[in-house]
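For reference, the chains in residue letters:
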Amino acid sequence: MEFGEMLAKVRKASGMSQKELAERLGVYQKDISRWENGSRVPSLQTFKEICKALYVSADVMLELTDEK
């Protein structure tokens, strides 16, 4: 699964909209959309903030583990 697909999956599972995630991260909703459709990727710092906001480990987001 691509990063964007995983981001969308985890975000939706958490019950959060793109707009809500964008507000938590201090970015534009369009940024979330671009990350999810694979046209862009977040910076490492933003990736860390995404993991915190969605309460998910980086290993799970990058599919380095089977944990959920």
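Residues numbered from 1 in each chain as written. Predicted model: local features only at pLDDT ≥ 70, side-chain atom pairs only at ≥ 80, totals over all residues. Heavy atoms only, no water.

A. Up close: the pattern of salt bridges. Here the structure, examined in full by the defined rule, presents 2 salt bridges. Between Arg11 and Glu36 there is a salt bridge; the shortest N-O distance is 2.5 Å. Of the two residues, Arg11 sits in helix H1 (residues 3–13) while Glu36 sits in helix H3 (residues 29–37), which places them 25 residues apart along the sequence. By relative accessible area, which is 14% here, Glu36 ends up buried. (Salt bridge = Lys/Arg side-chain N within 4 Å of Asp/Glu carboxyl O. Helix = DSSP H or I, 4+ residues; strand = E, 2+ residues; numbered from the N terminus. Buried < 20%, exposed > 50% of the residue type's maximum accessible area, 1.4 Å probe, protein only.)

B. Main features of unusual backbone geometry. Notably, Tyr55 is not glycine yet its phi reads approximately 55°, a positive angle. Relative to the helices and strands, Tyr55 resides in the loop between helix H4 (44–54) and helix H5 (58–61). Residues other than glycine seldom take positive phi values, yet Glu63 does so here, at roughly 55°. Structurally, Glu63 can be placed in the segment after H5. Accessibility expressed as a relative area gives 41% for Glu63, which makes it partly exposed.

C. Spatial organisation of the environment of Leu64. Within the element layout of this structure, Leu64 appears in the segment after H5. By relative accessible area, which is 61% here, Leu64 ends up exposed. Here the alpha-carbon distance between Leu64 and Gly15, two residues 49 residues apart in the chain, equals 23 Å.

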